[in-house]
Amino acid sequence: MLATMPLLAVTLTTDPRAVSLVNVVGQSPWLLLALFAGLLVDRVRRTSVLMSAYVIQAGAAAVLAVAATADGLTLPLLMCVAFAVTSTQVLSDGASGALLPTIMARDDLPAANARIQVIDRGLVQFVVPPSAGAVLAIGLGAPAWAACVMALLALLLSTRLRASAEPAPLGVTAAPGGEQPTRGNPLRDIVEGLRYLVAAPLLRSVTITVALGSFASSAVTTMLVLYATEELGLGEVGYGALLACFAVGWVVTSLFVHRLVARFGYAWAMRGAQTAAAVTPVLIAVAPPWPALVGAILVAQSSAVLVWNVCSQSTRQRFTPNRLLGRVLTSHKALAWGLTPLGALMGGFVAAHWNLRGVWWIAAIIHAVGAVIVWRTMTPTAFRQAERDHEGADPAAGAR
């Protein structure tokens, strides 16, 4: 779907603003639904939330497949499908992220998160994008049919998750007088997760940095398909190969990221990753139109992103009480990823009124601001203090 949606949009229009609008709508669930998804993840069996997400995902893919096969594609339909698929991602990411710390030791979280991310984004992006053009040549609906089958397979696999691997549904309080348990006020529970995220200095800094990065990354990702076709002169298969460069960086870096974090610590790993995130857009902005060179830069960029993502996710999982984990994880994404629609919109307007390379210059400036925040706030001392605060609030945390 990652490789196909932009290509399907380009078959309907080459207007950068229209292409970016598909991404704007597609990313909006992170802003509109994430807080409510976190409440659901903390109140319902997390495996049930995961399974429900795959059911919706399969249905959305089937709708797109039928429309594309019947030559009924429209931009509004692409937007609706993108919204539905991202909504399922909001649910599944929150549920799986909250499940992981219940079955893994805290020191093993970087390795576990690296494996999950490389499977979720690395291997899938490595295998699928290069062949997306060929699959699309079979028929416009072929990639969506494949996505539908994969979603159903994911649903089948999720039924094998043991219910005992997670705690009972959270957010339930005992009623007085021995009555049936009742759930807390939903709004108050949502605010509790938000308050914890904003009040913790380290988690707050991570969220602000990710918000800036997601805005910038959304802008360049939205315009990458036009950059590949207009600046580099690539076709559908070439664009898929560029996306595969992201996956190469993820796969290779996943082999050693946990050792890197163990060797240098979270603070220095995140500082290095954010610095690389500020440098790589500059390299793309000034690079000659050589696909091999741009691909190599994208490999380096995705390596830095993987290091950051592993440390960022592990930091939230390490320093958040389990009863709040679903709400904190999704609150982070609501605040941090909520800017992605605006970033996609900005990318389209900058490309339309300036040029495509200007999008990467703007992204570099935004990432540089994030780098300043990281170097000032994410110090080794800050991580040690967060560790002490968390263990003081939850004495059993160090034993998990």
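Procedures and definitions
Residues numbered from 1 in each chain as written. Predicted model: local features only at pLDDT ≥ 70, side-chain atom pairs only at ≥ 80, totals over all residues. Heavy atoms only, no water. Helix = DSSP H or I, 4+ residues; strand = E, 2+ residues; numbered from the N terminus. Contact = heavy atoms within 4.5 Å. Areas by Shrake-Rupley, 256 points an atom, 1.4 Å probe, with all protein chains shown as cover. Core = buried A, V, L, I, M, F, W, Y, C linked by side-chain atoms within 4.5 Å. Buried < 20%, exposed > 50% of the residue type's maximum accessible area, 1.4 Å probe, protein only. Patch = residues over 30% accessible without salt bridge, like charges linked within 9 Å, V, L, I, M, F, W, Y side chains within 5 Å. Salt bridge = Lys/Arg side-chain N within 4 Å of Asp/Glu carboxyl O. Expected span 1.5 Å × (residues − 1). Bend = angle between axes of the 7 residues up to and from the residue. Polar contact = N/O pair within 3.5 Å; in protein donor to acceptor, adjacent residues only side chain to side chain. pLDDT = per-residue confidence, 0-100. Phe/Tyr/Trp six-rings, centres within 6.5 Å; stacked < 30°, edge-to-face > 60°.

A count of helical and extended segments in the protein gives 18 helices and two strands. The contacts in the protein between residues at least 6 apart in sequence include a share of 86% that link residues at least 24 apart. In the form shown here, the protein has an accessible surface area of approximately 17,300 Å², with 69% of it arising from carbon and sulfur atoms.

Our focus in this paragraph is the nonpolar core. If you look at the biggest cluster of nonpolar residues, it comprises 51 residues, and the most contacted ones within it are L64, L224, L242, V359 and W360. Excluding anything up to four places from it in sequence, V359 contacts A219, V220, M223, G347, V350 and A351. V90, V261, A267 and F383 belong to the second largest nonpolar core, which has 41 residues in total.

The next subject is a nonpolar patch on the surface. The grouping of V149, M150, L153, L156 and L157 at the surface amounts to a nonpolar patch, some 480 Å² of accessible area in total. Summarising the element assignment, L153 is placed in helix α9 (residues 142-158).

Although it is not a glycine, D71 sits at a positive phi angle of roughly 60°. Tracing the sequence through the fold places D71 in the loop between α5 (46-69) and α6 (75-103).

Glancing now at helix α13 (residues 257-286). Taking 1.5 Å of rise per residue, the 30 residues of α13 would be expected to cover 44 Å, yet its terminal C-alpha atoms sit only 29 Å apart, more than 12% below that figure. At G265, α13 shows its largest kink, close to 110°.

What follows concerns the environment of V252. Position of V252 relative to the elements: it lies in helix α12 (residues 236-254). Distance from V252 to V118, taken between C-alpha atoms, is 9.1 Å for residues 134 residues apart in sequence.

This brings us to helix α11 (residues 201-231). Think of an α-helix as 3.6 residues a turn; residues three or four steps apart then line up on the same face. With 31 residues, α11 should cover 45 Å at 1.5 Å per step; its first-to-last C-alpha distance of 42 Å lies within 8% of that length. Counting buried positions along α11 yields 22 of 31 residues, so the element is predominantly enclosed. G233 lies just past α11 and shows a positive phi near 70°.

Our next topic: the side chain of D42. Relative to the helices and strands, D42 is located in helix α4 (residues 34-43). Separated by 2.9 Å, the side chain of D42 and the backbone nitrogen of G326 make a polar contact.

Further remarks concern the confidence of the model for the protein. Per-residue confidence for the protein gives a mean pLDDT of 84, with 89% of residues at or over 70. Between residues 171-182, whose pLDDT stays under 50, and residues either more than four places distant or in other chains, the model counts eleven contacts.

What follows concerns the pattern of salt bridges. Counted according to the given criterion, the structure contains ten salt bridges. Notably, a salt bridge pairs D42 with R46, separated by 2.9 Å at the nearest N-O pair. One exposure class covers both D42 and R46, and it is buried. Taking the shortest distance from any N to any O, the salt bridge between D107 and R318 comes out at 3.7 Å. Residue D107 is found in the loop between α6 and α7 (109-127), and its partner R318 is found in helix α14 (residues 291-318); the two are separated by 211 residues along the sequence. Taking relative accessible area as the criterion, D107 reaches 68% and is therefore assigned exposed. With relative accessibility at 11%, the residue R318 sits in the buried group. Each of D42, R46, E192, R323 and R327 takes part in a single network of salt bridges with overlapping partners.

For the rest of this paragraph, the subject is the side chain of T330. Following the sequence through the fold, T330 ends up in helix α15 (residues 325-337). With a relative accessible area of 1%, T330 lands in the buried category. Sequence-distant contacts of T330, that is, excluding residues within four places in its chain, are made with A34, A37, G38, V90 and G94.

Summed over the entire model, instances satisfying the criterion amount to three aromatic pairs. Between Y266 and F383, the ring centres sit 5.7 Å apart and the planes meet at 25°, which makes this aromatic pair stacked. On the criterion of sequence distance, the pair formed by Y266 in helix α13 and F383 in helix α18 (residues 380-393) is long-range, its members being 117 residues apart. Residue classification places F383 among the buried positions, given a relative accessible area of 9%. Geometrically, the ring pair formed by W268 and W375 is edge-to-face, given 5.6 Å between the ring centres and 80° between the ring planes. Here W268, found in helix α13, pairs with W375, found in helix α17 (residues 356-377); they are 107 residues apart in sequence, far enough to count as distant.

What follows concerns the environment of R376. The residue R376 is located in helix α17 in this model. Taking relative accessible area as the criterion, R376 reaches 68% and is therefore assigned exposed. Taking the C-alpha atoms as reference points, R376 and S205, 171 residues apart in sequence, are found 9.6 Å from one another.

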